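Each chain, written out:
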Amino acid sequence: MNNLMSNKLFINRLSSLISFGKRAMIINSDFDLANKMKLFNDNNQYQKSLELFDKYKKNNLELCSNFIITQALKACAQLGDIRRGTTIHNRIESHIKDDTYILSALISFYIKSDDLKNAESLFIASKNISLSMYAALMKGYIKSNQPNKALDLFSKIDSPDQVIIILLFNACALLGTNEALNLVKRASKEIPKSFYSNPRLLTSLLDALIKCGDIKHAELLFGRLRTRTLSMYNAIINGFNKEKNPSKTLDLFHQMKISGLEPNFITYTCVIKALSLIGDYSVAQSVIGQIPDSVLVDNQIHNALIDMWGKTGCVNRAKEIFKKIHQPDQIGYATMINCYGLNGMGTQAIELYRQISLELTNESVNVSVLNACSHSGLVDQARCIFRNIHMKSERIYTTMIDCLARASCFDEVQQLIDEYERSHSPVAPMYMAWLSGARNIKNSPMAQNVYDHMKKLFPDLTDSLTSASILLANVYGSSGDIDKATDIQTQLYQSGAKKKVGLSCTVVDGEIYEFRAHDQSHPRSSEIHAEVEKMSKQLIEHGHKYDSSSITRPLNKGETIASVLCGHSERLAIAWNFVAHPNTSQIQVTKNLRVCGDCHRATKLIAAIRQCEIIVRDANRIHHFYTNGQCSCNDYF
């Protein structure tokens with residue numbers, strides 16, 4: 001009996017809903033029509049909105065209210081129906097000169113239709129300009145990557161509302177300059193306190209601070225907020241990744257989950273990026289296990305995971321994911337090829353490259369395979385691939401030059417640079433690749449010539465010249481001319497240039513530890529340095545001779561060649577692993593600089609002596625040091 005009554009009740013409710021649906025299509029007035037159209041637009045049913053418009057107002061546009069016109073234009077813009085939107089504009093043009101409501105909708109329509117010229121014409125011709133019109137055109141300038149024009153518009157506004165301030169922050173984020181940062185800070189102090197209750201505005205402010213290079217200010221602001229949205233978390237997480245601070249990214253991710261917020265696609269993409277920066281298998285495995293299966297099926301997530309596993313040294317895991325992709329896109333192919341290249345598997349990278357159809361072979365794919373050839377010493381294969389590339393970009397030339405320079409084919413390097421510069425302006429990365437090649441063979445006269453040429457060609461590129469000076473000093477130092485190396489380093493110091501500090505990070509028992517050269521900050525530092533000394537004795541017993549050419553500065557009082565080299569950050573990271581787990585079978589270290597020759601030889605021996613596989617990711621590639629005393633790079637680095 002109860003079931004029968006329940007069924008009847010359900011049928012009655014269903015009938016009511018159906019009859020309501022039928023009544024909903026009855027239009028009693030223009031206001032009713034506009035509301036129905038807005039309802040469809042708000043639910044992304046733009047075609048239905050226009051069908052309603054056509055049924056009731058298509059033939060008497062002149063009598064339509066501005067509310068109806070704006071809803072019709074919105075639907076046209078979302079559908080990309082430029083012809084219909086333009087037709088509406090032409091038919092109502094004579095009586096909209098003072099209607100800022102419709103003018104704003106028209107400007108938005110043209111912006112969404114990528115017709116900035118018409119949008120600007122409408123704006124300029126208007127006598128009365130509303131805030132919504134300013135906002136619409138500012139959006140257009142931001143969309144077309146013209147943030148300075150958006151800021152010019154902002155400077156003409158006396159009392160900006162919250163939408164305008166959001167657009168100001170978005171334009172500044174796009175610029176990412178110190179001037180833009182100062183404008184963001186000034187505006188954030190001058191806006192009414194009530195604006196700070198707008199989550200969208202706060203998210204835009206955080207994003208602008210981060211993209212203008214002030215993560216500390218953004219972090220302080222975020223910490224003061226009582227209510228934090230998912231978008232705010234994502235903005236800060238992205239900022240930590242940008243600052244190469246993946247530990248903070250993971251901490252905030254766990255904090256977000258504890259607070260009850262459900263991560264979204266953007267969150268997981270940022271988290272996977274953080275894992276790729278850390279480069280540790282155990283951490284990656286524990287976090288990836290928290291990502292729902294519904295997210296893991298997305299192609300963009302697949303590509304991010306391939307990149308992450310590749311940078312973690314787990315090529316097999318990357319291959320498993322790649323094989324699951326039914327139709328890999330250009331990013332997928334480039335990422336998998338890059339994964340092979342990073343891990344010294346150039347032959348496999350070329351095999352995959354040969355399987356890609358011509359229409360999917362773009363610049364990124366070509367750069368990835370040439371880079372893989374470069375790291376594996378496959379120069380002939382790189383030459384063949386390079387010859388067959390029809391559209392050779394700056395990046396493709398630079399990567400090929402890097403490949404040739406690593407192989408000491410300097411005549412070809414000069415030829416390729418000359419070939420490129422016959423129709424293009426010189427670019428610094430090509431000369432940096434040449435300089436790196438000279439460093440590899442300790443050829444100081446060649447390095448000096450390249451550096452002198454760079455100073456003439458790029459006098460204003462301070463960062464590039466600083467990097468080139470550091471390389472040049474290293475060449476002199478490694479070839480035994482310590483005095484010349486010291487002179488260059490002194491000049492760099494006096495100019496205020498900052499040399500990148502060498503850092504190595506490793507994960508022990510789920511905790512991320514970071515070491516600098518000769519680091520004493522670890523609570524168990526004395527044990528770590530005792531372990532370093534123990535490793536040093538074992539190395540010497542097995543025939544290792546410390547290489548003074550890996551030291552590019554004068555020795556300080558009390559220092560020896562061995563003590564300087566044994567203090568390198570990656571050796572401290574390796575030693576800490578052995579202190580914590582003496583019988584460990586695998587160690588992973590991520591270093592921000594290129595590993596030196598002595599550390600490379602020493603790590604090969606340590607892996608063999610301790611029977612422990614050691615994976616070291618440096619600035620250029622991943623070294624797998626096997627227990628047989630060999631490295632995956634075959635000493636070609």
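For clarity, every value in this text was computed on a predicted model and none was experimentally measured.

Thresholds applied
Residues numbered from 1 in each chain as written. Predicted model: local features only at pLDDT ≥ 70, side-chain atom pairs only at ≥ 80, totals over all residues. Heavy atoms only, no water. Helix = DSSP H or I, 4+ residues; strand = E, 2+ residues; numbered from the N terminus. Buried < 20%, exposed > 50% of the residue type's maximum accessible area, 1.4 Å probe, protein only. Contact = heavy atoms within 4.5 Å. Areas by Shrake-Rupley, 256 points an atom, 1.4 Å probe, with all protein chains shown as cover. Lys, Arg positive; Asp, Glu negative; His and termini not counted. Charge placed at Lys NZ, Arg CZ, Asp CG, Glu CD. UniProt positions renumbered as here; feature names shortened; annotations may be inferred. Axes fitted to C-alpha atoms, helices over the stretch in contact; angles between N-to-C directions. Parallel < 35°, antiparallel > 145°, perpendicular 65-115°, else oblique. Nonpolar A, V, L, I, M, F, W, Y, C, P; charged D, E, K, R; others polar. pLDDT = per-residue confidence, 0-100. 1 Å grid on protein atoms, 1.4 Å probe; cavity = no way out; pocket = protein on both sides within 12 Å on 5 of 7 lines; lining within 4 Å. Points joined across faces, edges and corners; volume = space filled by probe spheres on them. Core = buried A, V, L, I, M, F, W, Y, C linked by side-chain atoms within 4.5 Å. Domains from an automatic or database assignment. Pairing = 2+ DSSP bridges. Right-handed = clockwise from strand over helix to strand, strands pointing away. Polar contact = N/O pair within 3.5 Å; in protein donor to acceptor, adjacent residues only side chain to side chain.

Visitor: Help me understand the overall build of the chain, please; the structure alone is not making it clear to me.
Guide: Looking only at helices and strands, the chain features 34 helices and 5 strands. Dimensions of the chain along its principal axes, counting C-alpha atoms only, are 95 × 75 × 55 Å. Every one of the 637 residues in the chain was classed for burial, and the buried ones make up 48%. Put simply, 61% of the contacts in the chain that link residues at least 6 apart link residues at least 24 apart. For the chain, the computed accessible surface area is about 32,300 Å², with 51% contributed by carbon and sulfur atoms. The centroid of the 72 positive side-chain charges in the chain is displaced by 5 Å from the centroid of its 62 negative side-chain charges.

Visitor: Is there a simple way to think about the UniProt feature "domain: DYW" (unreviewed entry) in the chain in this case?
Guide: Here, UniProt's "domain: DYW" (unreviewed entry) annotation points to residues 543–637. Counting secondary structure, residues 543–637 comes out at 33% helix and 16% strand; the distance between its end C-alpha atoms is 22 Å.

Visitor: Would you mind going over the packing of helix α4 (residues 66–79) against helix α6 (residues 100–112) with me for this structure?
Guide: Each pair of packed helices can be summarised by the angle the axes make with each other and by the distance between the axes. Where α4 meets α6, the axes come as close as 9 Å, and the angle between the chain directions of the two elements is 5°. The angle between α4 and α6 places the two elements in the roughly parallel class. Contacts between α4 and α6 involve Asn66, Phe67, Ile69, Thr70, Leu73, Cys76, Ala77 and Gln78 from the first element and Tyr101, Ile102, Ala105, Leu106, Phe109 and Lys112 from the second. In terms of residue class, the contact of α4 with α6 is made up of 10 nonpolar, 3 polar and 1 charged.

Visitor: Hey, could you run me through the confidence of the model for the chain in this one?
Guide: Put simply, the chain has an average pLDDT of 93, and 96% of its residues get 70 or more. Ignoring residues within four places in sequence, the model shows residues 1–24, a span with pLDDT below 50, making 1 contact including any to other chains.

Visitor: Looking at this structure, how should I read the layout of surface pockets?
Guide: Any space left empty among the atoms is revealed by the rolling of a water-sized probe across them. Here the second largest pocket defines a volume of roughly 480 Å³. Surrounding the second largest pocket, 18 residues form its lining, Lys74, Ser104, Ala105, Ser108 and Lys112 being those nearest its centre. Secondary structure elements with two or more residues in the lining of the second largest pocket: α4, α6 and α8 (131–143). Considering every element that reaches the lining of the second largest pocket, the biggest residue donor is α6, with 7 residues.

Visitor: Quick question: what am I supposed to make of the nonpolar core here?
Guide: One recurring pattern in soluble globular proteins is that nonpolar side chains are buried together. Counting residues in each nonpolar core, the largest one holds 175 residues, and the members touching the most others are Ile88, Leu168, Phe169, Trp309 and Met336. Of all the elements, helix α10 (residues 162–175) adds the most residues to this core, at 9 residues. In this structure, this core is formed jointly by two domains, domain 1 (16–165) and domain 2 (392–499), each of which donates at least three residues. For Ile88, the residues in contact, after removing those within four places along its chain, are Phe53, Leu61, Ile69, Ala72, Leu73 and Cys76. Within the second largest apolar cluster, 33 residues are counted, among which are Val508, Ile551, Cys612 and Phe625.

Visitor: Sorry, what's going on with the pairing of strand β3 (residues 586–591) here?
Guide: For a regular strand, side chains alternate in direction, first toward one face of the sheet and then toward the other. In terms of residue burial, β3 counts as a mostly covered element, since 5 of its 6 residues are buried. Where β3 and strand β4 (residues 613–617) come together, 5 bridges link them in parallel fashion. Bridge assignment links Ile587 to a residue of β4, and that residue is Ile614. Note on the crossover from β3 through helix α34 (residues 597–609) to β4: the handedness is right-handed.

Visitor: Just checking my understanding: could you explain the sheet that holds β3 for this structure?
Guide: Backbone hydrogen bonds are what pair the strands of a sheet, in a parallel or an antiparallel way. The 5 strands lie next to each other as β2-β1-β3-β4-β5, forming an open sheet whose pairing is mixed. Strands with a single pairing partner mark the edges of an open sheet, and in this sheet they are β2 (511–516) and β5 (622–625). Direction aside, the axes of adjacent strands within the sheet are offset by 20° on average. Pairing analysis gives 3 bridges linking strand β1 (residues 503–508) to β3, with the strands arranged antiparallel. Paired with Ser504 across the bridge in β3 is Lys591.

Visitor: What exactly am I supposed to notice about the side chain of Thr399 here?
Guide: Here Thr399 shows up in helix α25 (residues 394–406). Judged by relative accessible area, Thr399 falls into the buried class, the value being 10%. There is a polar contact of 2.7 Å between the side chain of Thr399 and the backbone oxygen of Arg395. Contact partners of Thr399, with chain neighbours within four places excluded, come to Val367, Leu370 and Asn371.

Visitor: I tried to follow the environment of Ile441 on my own but got confused; where do I start?
Guide: Checked against the element boundaries, Ile441 lands in the loop between α27 (428–440) and α28 (444–457). You can call Ile441 partly exposed: its relative accessible area is 41%. Taking the C-alpha atoms as reference points, Ile441 and Gly597, 156 residues apart in sequence, are found 12 Å from one another. Sequence-distant contacts of Ile441, defined by excluding residues within four places in its chain, comprise Ser408 and Phe410.

Visitor: Got a minute to help me understand the side chain of Ser368 in this structure?
Guide: Considering the arrangement of structural elements, one finds Ser368 in helix α23 (residues 363–376). Given a relative accessible area of 10%, Ser368 falls into the buried group. Among the polar contacts made by the side chain of Ser368, one reaches the main-chain carbonyl oxygen of Ser364 at a distance of 2.9 Å.

Visitor: For this particular structure, what's the right way to read the domain arrangement of the chain?
Guide: Quoted interface sizes are often the accessible area lost when the parts come together. As far as domains go, the chain holds domain 1 (16–165), domain 2 (392–499) and domain 3 (505–625). The gap between the C-alpha centroids of domain 1 and domain 2 is 55 Å.

Visitor: Sorry, what's going on with the pairing of β5 here?
Guide: Residues Ile622 and His624 line one face of β5 and the alternating positions His623 and Phe625 line the opposite face, and both faces are buried. Both β4 and β5 contribute to a ladder of 4 bridges, which runs antiparallel. By the bridge assignment, Ile615 is partnered in β5 with His624.

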